[in-house]
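# Descriptive structure summary
For reference, the chains in residue letters:
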Amino acid sequence: MNFSLLGVFIPTFFFVSITPGMCMTLALSLGMSIGYRRTLWMMAGEVVGVALVSVAAVLGIAAVMLNYPWLFVAFKAIGASYLFFLGVQMWLSRGKLAITEETTQVESGSDWELVVQGFVTAIANPKGWAFMISLLPPFIDHSKPITLQLVLLVGIIMISEFICMTLYATGGKGLKRVLGHSKNVRFMNRISGTLMMGVGVWLFVS
């Protein structure tokens, strides 16, 4: 691995990751509504999705997506609709992710739903695909084994995404603690729901 390229890649990708985007907004929203521990499930799905996009970008699978744009648009529309629906439910203080006065945890059995949320948001984000296609290839040294380089770069990407989402999710949890009085429950639900709906719209129109 070319360590001079690696030294540039780490701060470059961290800066991009920490910038507010769909996944970071989702982490903030869920951190506010269900807390950091539960948000870890969404984060797990997101980092796996980002890793898959990264590998696909390097291997050229993205070209297949470009040749069949209808498939990508359909997948993106389904994901965006799902996130928007969850946002509406939260805004109305309904559904599994809404905060209630009795509990601050989501119902049991919803871990997989959170994983799917993170995975779909990462996979269906066209800006993420464009960024990986443009960013990763220049950091690959073709004079050395690609497999080891790809593993290392994808590992850095996953760690960077996890750290940044942790910052956003804990920020949301802190905001929840500040507003965590019974009279503010509906207000918190509306903030979380609005953010969630925003991610859905953002995903659909991007």
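Just above sits the structure.
Residues numbered from 1 in each chain as written. Predicted model: local features only at pLDDT ≥ 70, side-chain atom pairs only at ≥ 80, totals over all residues. Heavy atoms only, no water.

Attention now moves to the overall build of the protein chain. Along the protein chain, the regular secondary structure elements total nine helices and zero strands. Counted from the first residue to the last, the protein chain has its helices and strands arranged as α-α-α-α-α-α-α-α-α. Looking at the protein chain as a whole, 46% of its 206 residues qualify as buried. Within the protein chain, contacts between residues separated by at least 24 positions form 86% of all contacts whose residues are at least 6 apart in sequence. (Helix = DSSP H or I, 4+ residues; strand = E, 2+ residues; numbered from the N terminus. Buried < 20%, exposed > 50% of the residue type's maximum accessible area, 1.4 Å probe, protein only. Contact = heavy atoms within 4.5 Å.)

The next thing to look at is the packing of aromatic side chains. All chains considered together, the criterion is met by one aromatic pair. Note on Phe9 and Phe13: the rings are 5.9 Å apart at their centroids and 25 degrees apart in plane angle, and the pair reads as stacked. Note that Phe9 and Phe13 are positioned in helix α1 (residues 3-18) at a spacing of four residues, about one turn of the helix. For the pair shown, Phe9 and Phe13 are each scored as buried. (Phe/Tyr/Trp six-rings, centres within 6.5 Å; stacked < 30°, edge-to-face > 60°.)

Let us now look at helix α3 (residues 36-59). The first and last C-alpha atoms of α3 sit 34 Å apart over 24 residues, in line with the 34 Å expected at 1.5 Å per residue. Taking the largest bend as the criterion, α3 deviates by roughly 30 degrees, centred on Met42. (Expected span 1.5 Å × (residues − 1). Bend = angle between axes of the 7 residues up to and from the residue.)

Note on placement: Tyr36 falls in helix α3. Residues Tyr36 and Met165, spaced 129 residues apart in sequence, show a C-alpha to C-alpha distance of 9.8 Å. Setting aside residues no more than four positions away along its own chain, Tyr36 makes contact with Met43, Phe162, Thr166, Ala169, Thr170 and Lys173.

The biggest cluster of nonpolar side chains holds 21 residues, and the ones touching the most others in it are Ala27, Leu30, Met42, Met165 and Met196. For this core, the elements supplying multiple residues, two or more each, are α2 (22-34), α3, α5 (69-91), α8 (146-179) and α9 (185-205). With seven residues, the single largest contributor to this core is α2. In this structure, Leu6, Phe13, Ala56 and Leu153 belong to the second largest nonpolar core, which totals 18 residues. (Core = buried A, V, L, I, M, F, W, Y, C linked by side-chain atoms within 4.5 Å.)

Position of Ile156 among the secondary structure elements: in helix α8. According to the relative accessible area criterion, Ile156 is buried, its value standing at 15%. With 105 residues separating them along the chain, Ile156 and Ala51 place their C-alpha atoms 9.8 Å apart. In contact with Ile156, not counting residues within four places along its chain, are Leu6, Phe9 and Ile10.

Below, the discussion takes up the packing of α3 against helix α6 (residues 111-123). Two elements in contact, α3 and α6, have axes whose closest approach is 7 Å; the angle formed by their N-to-C orientations is 35 degrees. Two packed elements cross with a definite hand, and for α3 against α6 that hand is right-handed. Mapping the contact onto sequence places Arg38, Trp41, Met42, Gly45, Glu46, Val48, Gly49, Val50, Leu52 and Val53 in α3 and Asp111, Leu114, Val115, Gln117, Gly118, Phe119, Ala122 and Ile123 in α6. Partitioned by chemical class, the residues of the contact of α3 with α6 number eleven nonpolar, four polar and three charged. (Axes fitted to C-alpha atoms, helices over the stretch in contact; angles between N-to-C directions. Left-handed = near helix turned anticlockwise from the far one by under 90°. Nonpolar A, V, L, I, M, F, W, Y, C, P; charged D, E, K, R; others polar.)

The next thing to look at is the pattern of salt bridges. Summed over the entire model, instances satisfying the criterion amount to one salt bridge. Arg38 is paired through a salt bridge with Asp111; the nearest N and O atoms lie 2.8 Å apart. Of this pair, Arg38 sits in helix α3 while Asp111 is found in helix α6, placing the two residues 73 residues apart along the sequence. (Salt bridge = Lys/Arg side-chain N within 4 Å of Asp/Glu carboxyl O.)

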